[in-house]
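# Examining the three-dimensional arrangement
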Number of protein chains: 2
Amino acid sequence: MSKNQKGITAPKDQDFSEWYTQVVQKAELADIRFGLAGFIVHRPWGFFIIKKIYEALEKEVESQGHQAFLFPRAVKEEHLTKEAEHAGFIPEVLWVSEAGTKKMDERFALPPTGEAQIYPTYAMWFRSHRDLPFKGYQTRISVFRNEMTTRPFLRGREFLFFETHDVFNTHKEALDQIQLDFETCEKVIRQKFKIPFFYFKRPVWDKFMGADNTFTPDTLMPDGKRNQLASTHDLGQNFAKAYDIKIKNKDEKEQFPYQTCFGPGIWRIMAAIIGVHGDDQGLVLPFDIAPTQIVIIPITFAKKPELSKKIIQKCKELEKKLSKDYRVKFDDRDFSPGLKYNEWEMKGVPLRVEIGPRDLEKDSVMLALRVGEKSPVKIKSLDSKIKSKIKELDKSIENNAKHYMDDRVRDAKYLSELTKIMKKHRGFVRVPWCSIEKDGEKCDDKMREETQGARVCGTLYPKEEKVSKSSTCIVCKKAAKHIVYVAKSY
Amino acid sequence: MSKNQKGITAPKDQDFSEWYTQVVQKAELADIRFGLAGFIVHRPWGFFIIKKIYEALEKEVESQGHQAFLFPRAVKEEHLTKEAEHAGFIPEVLWVSEAGTKKMDERFALPPTGEAQIYPTYAMWFRSHRDLPFKGYQTRISVFRNEMTTRPFLRGREFLFFETHDVFNTHKEALDQIQLDFETCEKVIRQKFKIPFFYFKRPVWDKFMGADNTFTPDTLMPDGKRNQLASTHDLGQNFAKAYDIKIKNKDEKEQFPYQTCFGPGIWRIMAAIIGVHGDDQGLVLPFDIAPTQIVIIPITFAKKPELSKKIIQKCKELEKKLSKDYRVKFDDRDFSPGLKYNEWEMKGVPLRVEIGPRDLEKDSVMLALRVGEKSPVKIKSLDSKIKSKIKELDKSIENNAKHYMDDRVRDAKYLSELTKIMKKHRGFVRVPWCSIEKDGEKCDDKMREETQGARVCGTLYPKEEKVSKSSTCIVCKKAAKHIVYVAKSY
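What you see is a predicted model, and the numbers here were worked out from it, not measured in a lab. (Residues numbered from 1 in each chain as written. Chains lettered and ligands numbered in written order. Predicted model: local features only at pLDDT ≥ 70, side-chain atom pairs only at ≥ 80, totals over all residues.)

### Side note on the overall build of chain A
Along the backbone of chain A there are 13 helices and 24 strands. For chain A, whose C-alpha radius of gyration is 26 Å, the value lies close to the compact-globule estimate of 23 Å for 490 residues. If one aligns the C-alpha atoms of chain A with their principal axes, the spans along those axes are about 85 × 55 × 50 Å. In chain A, the proportion of contacts linking residues at least 24 apart, taken out of those at least 6 apart, comes to 66%. (Helix = DSSP H or I, 4+ residues; strand = E, 2+ residues; numbered from the N terminus. Rg over C-alpha atoms; globule rule 2.2 N^0.38 Å. Contact = placed C-beta atoms within 7 Å.)

### Things to note about the pairing of strand β18 (residues 351–355) of chain A
Residue and element names in this part refer to chain A. The buried count for β18 comes to five of five residues, which makes it a mostly enclosed element. Side chains L351, V353 and I355 of β18 all project onto a buried face; the interleaved residues R352 and E354 project onto the opposite face, where all are buried too. Two elements, β18 and strand β19 (residues 364–369), share four bridges in a ladder whose sense is antiparallel. If you follow E354 over to β19, its bridge partner there is M366. (Buried ≥ 20, exposed ≤ 12 C-beta atoms within 10 Å, placed from the backbone. Pairing = 2+ DSSP bridges.)

### Focus: the domain arrangement of chain A
Residues and elements named next belong to chain A. Split into domains, chain A comes out as domain 1 (16–277), domain 2 (292–389) and domain 3 (409–489). Once you take the C-alpha centre of each, domain 1 and domain 3 turn out to be 27 Å apart. Of the residues lining the interface, 17 residues belong to domain 1; the matching set on domain 3 comes to 21 residues. Among the secondary structure elements, those contributing two or more residues to the side of domain 1 that touches domain 3 are α5 (171–192), β9 (198–201), β10 (213–220) and β11 (225–228). If you tally residues by element for the side of domain 1 that touches domain 3, the top one is β9, at four residues. Class assignment for the residues of the side of domain 1 that touches domain 3 results in nine nonpolar, two polar and six charged. (Domains from an automatic or database assignment. Nonpolar A, V, L, I, M, F, W, Y, C, P; charged D, E, K, R; others polar.)

### Brief notes about the environment of R370 of chain A
Within the secondary structure, R370 of chain A sits in the loop between β19 and β20 (374–378). Remark: the alpha-carbon pair of R370 of chain A and V349 of chain A, spanning 21 residues in sequence, is separated by 6.6 Å.

### Quick look at the packing of helix α2 (residues 44–63) of chain B against helix α7 (residues 266–277) of chain B
Any two packed helices are characterised by the angle at which their axes cross and by the distance between the axes. Residue and element names in this part refer to chain B. At a minimum axis distance of 10 Å, the contact between α2 and α7 shows a crossing angle of 120°. On the basis of their axis angle, the class for α2 and α7 is oblique. Where α2 crosses over α7, the handedness of that crossing is right-handed. Listed contacts from α7 to I49, I50, I53 and Y54 of α2 are I266, I269, M270 and I273. Looking at the contact of α2 with α7, its residues break down into eight nonpolar, no polar and no charged. (Axes fitted to C-alpha atoms, helices over the stretch in contact; angles between N-to-C directions. Parallel < 35°, antiparallel > 145°, perpendicular 65-115°, else oblique. Left-handed = near helix turned anticlockwise from the far one by under 90°.)

### A few points about the nonpolar core
Within the largest apolar cluster, 263 residues are counted, with the highest numbers of intra-cluster contacts made by M270 and V486 of chain A together with M270 and V486 of chain B. Those residues in contact with M270 of chain B, other than ones at most four positions away along the chain, are I49, I50, I53 and F153 of chain B. (Core = buried A, V, L, I, M, F, W, Y, C linked by C-beta atoms within 7 Å.)

### Quick notes on the interface of chain B and chain A
Facing 42 residues of chain B, the contacting portion of chain A comprises 43 residues. Residue classes in the side of chain B that touches chain A are distributed as 23 nonpolar, nine polar and 10 charged. Strand direction decides the pairing type here: strand β5 (residues 94–99) of chain A and strand β4 (residues 94–99) of chain B, joined by five bridges, are antiparallel. Bridge pairing in β4 of chain B links L94 of chain A to A99 of chain B.

### Things to note about the packing of helix α12 (residues 415–424) of chain A against helix α13 (residues 441–451) of chain A
Residues and elements named next belong to chain A. Running from amino to carboxyl end, α12 crosses α13 at an angle of 45°, the nearest separation of the two axes being 9 Å. In terms of axis orientation, α12 runs oblique to α13. With respect to the hand of their crossing, α12 and α13 are arranged in right-handed fashion. Residues L415, L418, T419 and M422 of α12 touch α13, and the partners they reach there are M447, E450 and T451. Grouping the constituent residues of the contact of α12 with α13 by class yields four nonpolar, two polar and one charged.

### Observations regarding the relation of the copies chain B and chain A
Note: a rotation about an axis with an accompanying shift along it relates these two copies of the chain. Least-squares fitting of chain B to chain A yields an RMSD of 0.0 Å, with the transformation described by 0.0 Å of translation along the axis and a rotation of 180°. The operation mapping one copy onto its partner corresponds to a two-fold rotation axis. Residue V96 of chain B, judged by its C-alpha, is the member of chain B lying nearest the rotation axis, at 2.2 Å. Interface residue correspondence from chain B to chain A reaches 100%, placing this contact among same-surface, isologous pairings. (Least-squares fit on C-alpha atoms with pLDDT ≥ 70 in both.)

### Some points on the sheet that holds strand β5 (residues 102–110) of chain B
Here we have five strands laid out as an open sheet, ordered β4(A)-β6(A)-β5(A)-β4(B)-β5(B), and antiparallel in their pairing. The open sheet is flanked by β4 (75–76) of chain A together with β5 of chain B, the only strands paired with a single partner.

### Quick notes on the environment of P264 of chain A
Residues and elements named next belong to chain A. When you line up the elements, P264 lands in strand β15 (residues 258–264). With 28 C-beta atoms packed within 10 Å, P264 lands in the buried category. C-alpha of P264 to C-alpha of I53: the two residues are 211 residues apart in sequence and 9.7 Å apart in space. Residues within four places of P264 in sequence aside, it is in contact with L57, F162, L229, A230 and I269.

### Here's the deal with the pairing of strand β23 (residues 455–460) of chain A
All names here are of chain A. A large share of β23 lies buried, amounting to five of its six residues. Across two bridges, β9 lies against β23 in antiparallel orientation. Within β23, the position partnered with F200 by the bridge is L460. Both β23 and strand β24 (residues 482–489) contribute to a ladder of three bridges, which runs antiparallel. What sits directly across from V456, in β24, is V486.

### Quick word on unusual backbone geometry
The phi torsion of most residues other than glycine is negative, and most of the peptide bonds are trans. Residue and element names in this part refer to chain A. Look at the link from L132 to P133: it is a cis peptide, with omega at 0°. Locating P133 in the fold gives a position in the loop between α4 (115–125) and β7 (134–144). A positive phi is found at E28, a non-glycine position, where the angle reads about 60°. With respect to the helices and strands, the residue E28 is situated in the loop between α1 (16–26) and β1 (30–31). Phi angles above zero are rare outside glycine, and Q452 is one such case at about 55°. Positionally, Q452 belongs in the loop between α13 and β23. Of the residues examined, Q452 has 10 C-beta atoms within 10 Å and is grouped as exposed.

### Overview of the sheet that holds β19 of chain A
Residues and elements named next belong to chain A. Pairing is mixed in the open sheet, where five strands are placed in the order β17-β16-β18-β19-β20. Two strands close off the open sheet at either side, each with one partner strand: β17 (328–330) and β20. Between one strand and the next, the sheet's axes are offset by a mean angle of 25°, whatever the strand orientation. Relative to β19, helix α11 (residues 382–406) is tilted by about 10°, and along the sheet it contacts β18, β19 and β20.

Dropping the structure here:
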């Protein structure tokens, strides 16, 4: 941040859209000026956090026995269309059809998800029930989808991807994996990144194309829109049949195996970290994922060069000491301390250490929290103080996020009530619902019209909430079989 | 490897091409049956090694102050052509020009290297000499190039990439970075992966398009072809001028900064590991990069179930113990021990522990090296024995590779002599040469014709060999200014 560059000027609560754009650009998470619509540059500060998201997911899926592989970004045209329902993706697919100055003999697609790339190869890899279960994943890849409206970390023509593709002998094993995917979301998204979510079983009319069932952890952005953070799919035998993946079972009979796939939205998790944790000053980050965890800022005076030298010296000592355990930056640039405070706050640095003349005298520092107070700390007790402040900070981020989410769930029993709530409410509404099978879709369509965009997210999973016996569907008035959550989405 | 699958059937020395293809497929490094020419599937075994290559490079460049970022895979058409010489890449560029069923309003390219993607953004990022030096890199990306003939890990239409892009205030700093890039190659390629190479300054007619100078570490594949493992470019101010990257220097005057970029060939290093270290049994891997470092194989007998149970038990104990320090696999599949030996040898597992009835009796195991002997070891001394065997193994891989390379350099003083040597020799030839500036190119063309493909690789760098005063160019007979290395290449 140079001297004449301002901090975040939009208040998060009142103008989330502008606030979000400013944080993305000014905190140097991404550069949106690349020049091609829907393509962004991941800048070092933002990309560091992205890497933390990837690493956390890699660790979890590897502990479940997943092996990393890498398929081409390309896919053969004939493979794209094999699973009839899945072929619904085609309108969004980008095609490579020219090379140099010539049209290619065989064009190929850049698909938004890996099924059509991976499953023809799976058909060659697995022959026997002994080859299964197989758990594979690819990470740190980018995929393409032709989107019309795009936003950084929420929707892009190119976005970052991670996907597991698992194959099992039995449906029971597949369902166990779905449970593990749920636990991955709990451990990584909720516990590590402090993002609260509801885990939904999606209605059949909104599941992944080709899947039997889709499950998603969804959080809320401050504008009230649902942010789908990941998706897990029970693919049944659908893709095995389409791509001819067959194995000999224990009785030497040919059988189609069962498949699951799990795709955490790397970008979506990033967007949630920005949107859920951030405040009017900018980014707020859990300690572990901050690119710089502690910034040290000297308070020096041009008129007192000897004293300033001593302060700088003390800062350097601290930098060296703290760097053993933390990612530390000593900011000795020729700017005012206040300007530096604002910049590092905007970028979400969790802890700030300030050293000025009075601190030097007392052999102490000022320790400021990104979320919380600032207080003097004796240097000899700095180590233990930092440890406790980290816990305090993370706890406060977690509590804020939880409170934020709890505060954004309402109940409605009548469509008129829901419509009224949706005019002002930025969040989920719990409503009684007739069916999340195909026959419930027309109620969803009607609700969307009445509420200008609210849709059924799904029922809670793994433990569905009970609907009271007398409840009726908020739209069609038939007996309600479910409590569903309703929200607008991106 | 199932029972009826054979090991490597081609002898490496006599039919390298077939040997290489078999190792790639049978050791499960890549699957070449993806169905689109020039696209391969990186299988888990091979991809593990690839990740090790990436990690080693990331560690080195980060220690030099490089920050990871990620640019889109796409590039705007107008940015591709800004640097006139660099635009020479265009015939190899793939274009995305269709979306769904429609032609796109603005097509974009998938470029083989990042300059045209990155430098227009650099022009927005840097304003002052204070913003420099800036060192950025992107890793774990794949790029596209429209190649006609392709081979796994050597040449593909999609291949794995890593690139640094650095910007400096002075040319001196840029040259210092070139030196650091050279040291990265030494540390990673030579010391860690045990691949010997010559580091060349390339002749101007074969440098990177748009660069002032190009430097490359080149090794030899067993078929005698030069394998360029990386390239470092002194870009001077060429790209800064083309992409309008300007900074205000200390005197507040506008100035074009100096740039370098460094691109280790992830695939090329992988190809060298396969080709240089491998033997007739298959892959040979330095201990640190092997996906499985130690395999434990039980020698059991169906007729002695009690004894077999004890052996299995002992294997499991060892697996648990060794897993604390190493990547260990206990192979208890229902195949014969011999078949298992062959499979893990083919895949390059460095150490094998066998336990049979006699070993159990003596409280010992058989310890077999992938490269070397097999001997009995008491279990109580297994730990220290493994440590010393790892060193022995790595040393022997290193020595073999060094010997292999030393053995493949010849000298020639006359073109007729070179032509004769090149008919049988699979390697480099050192020859006196007139000039590695533009005026030397016609001699290179003539030499290529006479020798059916031998070209000038360059002069040694950083320390060029001295040419004796009376030497004359092997082609034009003018006074020789350099000793150059000559070889055929892919």
